[in-house]
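Structural overview
One-letter residues, chain by chain:
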Protein chains: 2
Amino acid sequence: MDKEAFVISKFPSAKIGDDGAVVGEWVYSKDIFAEHTHFKREWMSLEQIARKSMLVNLSDAVAMNAVPKYALIGVIIPNNFSRQDLQILSNSFLKECNKWGVEIIGGDTTSGASLVISITIIAHTTKPIFRHGMKVGDFIAHTGKVGQSLKGLRTLLRSGKLAKNARFIAPTLRSEFFYKAASYVHTSMDLSDGISKDLSRLCHINNMGVHFICKLNQMELCSGEEYEMLFSFPPKNLPKLRWISKKTRTPFRVFARAVRGRYRSFCKEHHFKD
Amino acid sequence: MDKEAFVISKFPSAKIGDDGAVVGEWVYSKDIFAEHTHFKREWMSLEQIARKSMLVNLSDAVAMNAVPKYALIGVIIPNNFSRQDLQILSNSFLKECNKWGVEIIGGDTTSGASLVISITIIAHTTKPIFRHGMKVGDFIAHTGKVGQSLKGLRTLLRSGKLAKNARFIAPTLRSEFFYKAASYVHTSMDLSDGISKDLSRLCHINNMGVHFICKLNQMELCSGEEYEMLFSFPPKNLPKLRWISKKTRTPFRVFARAVRGRYRSFCKEHHFKD
């Protein structure tokens, strides 16, 4: 187990283990987005950084079939930031929240050596979808195409540039598809650490393995920060999901089936080390 | 306005401005506790750091007359941390939460250059106490004695040592007193930035000034991170509050009255700069 997972593993709550924690009809999720771990300043504008930090958090709510309502924003502000920098950050948070109908209800800021954004999203649902609940025989699928984020990261690490709409800069959340699809799926989570790593978690929680239907290349398996949805569902629901996919113009691919056994990820940690 | 306050000031929500944000019967608060800004590693053990990071967050809930129920914990873990270090951190979070009946329901960890702890507390209340609502003539009071935290910080900055129970290491929250007192107060907040600075916020929100009854010295006025309660109440409730004070063995001091006018803090930023 890696050091990061170790801390959380020490907490006994049954609410831990999903993209968000469910209390009544509320879902709480919290993700840290940190300079030198998740991004470098020269890779993205401050507007893009604020936007992505919000999206990676909203993504957890979407994966739980919860509609984000409120946000708390914590920011560690580097000492050399100007008022204009802060204005850009705040505006970008507000703009993205407005798009999603999310109200920023509080937060905390403090100064520090590098930029850290820690967001808590409070979302509402009457039917949360968890990571547990996968059945043997379930189809396992992901939305969209995967691999672009790692490709983008590699370009950046080679000092290349990415387009504004590149996956690594601006992930697309599949909320429109997933809120409709949720009634027909057994389990879900967002693809934050790569199909292989995230799938290994899904399998571990459900005490299952996978049989791959499609051959996925390493880029597809190990690309983190895709923020596509990973979900499992009974094969009988395939037509329904295909219909929702068409209606919402959101492609998905069934790439595996749930089987007895276990599955371990072979990918390396997807975050770069500065 | 300082840079830290500037970011939050850009968000228009009416829920912003108190120690926590109220949604229905839930109160949400979030505070960052960061190495080099709030503490140095050599000043406190990891156990003490985790404990204080939890207490400064629980303090916000108490100040809103809300009972903390759940916590989300975000940690940036320095690369050189051992498993034992992480075990100590986790145990300390758990121990403090158990004391308060708080369930840790989730969080996020990532690696970084220095230790950052970002906690979100979800607390329950049927009668939140806000910062607004002060009336002209209100008595303004604080619990306990103030000044010890700044004194402790100065000792640490001179490479001195503090006792385990020193205010700067282990603040005492006044929950027992305040949950009983809440029915008799108009406004409250916790003393995180010092009486002068926090009082200036209370006055600003209420568009009022203060008339000091007692002469407070600079140490008392400018000592941050006290986590005592600052509150205002109608003079007629003084006997009731004195009785609660006696019952809970929690001293408080009426040091000012609310008057028309305004009040500005003269204290410097209370955080040290590394």
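1. Quick notes on the relation of the copies chain A and chain B
Each copy of the chain is related to the other by a rotation around an axis and a translation along that axis. Relative to chain B, chain A is turned by 180° and slid 0.0 Å along the rotation axis, the superposed coordinates differing by an RMSD of 0.0 Å. One copy is carried onto the other by what is essentially a two-fold rotation axis. Interface overlap between copies: 98% of the residues of chain A at the interface are likewise at the interface in chain B, consistent with a symmetric, same-surface contact.

2. Observations concerning the interface of chain A and chain B
Tallying the contact residues gives 57 residues for chain A and 56 residues for chain B. When chain A packs against chain B, close to 4,900 Å² is buried across both sides, 64% of that on carbon and sulfur atoms. Among the residues of chain A in contact with chain B, K3, K30 and R83 of chain A are the three that bury the most area, contributing 13% of the side total. Remark: the boundary between chain A and chain B carries 0 salt bridges. Linking chain A with chain B are 13 residue pairs in polar contact (both at pLDDT 80 or more), by the criterion used here. Elements that contribute at least two residues to the side of chain A that touches chain B include exactly α1 (3-9), β1 (21-23), β2 (26-34), β3 (67-78), α3 (83-100), β4 (103-112) and β5 (116-124) of chain A. Among the residues making up the side of chain A that touches chain B, the classes are represented as 29 nonpolar, 17 polar and 11 charged.

3. Thoughts on the packing of aromatic side chains
Counted by the stated rule, this structure contains 27 aromatic pairs over all chains. With a centroid separation of 5.7 Å and an interplanar angle of 55°, the aromatic rings of Y28 of chain A and Y28 of chain B are classed as tilted. Here Y28 of chain A, found in strand β2, pairs with Y28 of chain B, found in strand β2 (residues 26-34), and the two come from separate chains. Across the pair, Y28 of chain B and Y28 of chain A agree in class, each one buried. When the ring centre of F168 of chain A is taken as reference, the NZ or CZ atom of K52 of chain A above it lies at 3.9 Å. One Lys or Arg, K240 of chain B, reaches over the ring of W243 of chain B and ends 5.9 Å from the middle of that ring.

4. Regarding helix α6 (residues 195-206) of chain B
Residue and element names in this part refer to chain B. The terminal C-alpha atoms of α6, which comprises 12 residues, lie 16 Å apart, in line with the 16 Å expected from a rise of 1.5 Å per residue. A large share of α6 lies buried, amounting to 9 of its 12 residues. Every buried residue of α6 is listed here: I195, S196, K197, D198, L199, S200, L202, C203 and N206. Summarising the contacts, the buried residues of α6 are in contact with β6 (139-143), β7 (187-190), β8 (209-212), α7 (218-222), β9 (229-233) and β10 (252-259). Of the residues trailing α6, N207 is marked for its positive phi of about 55°.

Cut-offs applied
Residues numbered from 1 in each chain as written. Chains lettered and ligands numbered in written order. Predicted model: local features only at pLDDT ≥ 70, side-chain atom pairs only at ≥ 80, totals over all residues. Heavy atoms only, no water. Least-squares fit on C-alpha atoms with pLDDT ≥ 70 in both. Contact = heavy atoms within 4.5 Å. Buried area = accessible area lost by both parts, 1.4 Å probe. Salt bridge = Lys/Arg side-chain N within 4 Å of Asp/Glu carboxyl O. Polar contact = N/O pair within 3.5 Å; in protein donor to acceptor, adjacent residues only side chain to side chain. Helix = DSSP H or I, 4+ residues; strand = E, 2+ residues; numbered from the N terminus. Nonpolar A, V, L, I, M, F, W, Y, C, P; charged D, E, K, R; others polar. Phe/Tyr/Trp six-rings, centres within 6.5 Å; stacked < 30°, edge-to-face > 60°. Buried < 20%, exposed > 50% of the residue type's maximum accessible area, 1.4 Å probe, protein only. Lys NZ or Arg CZ within 6 Å of the ring centre and 35° of its normal. Expected span 1.5 Å × (residues − 1).

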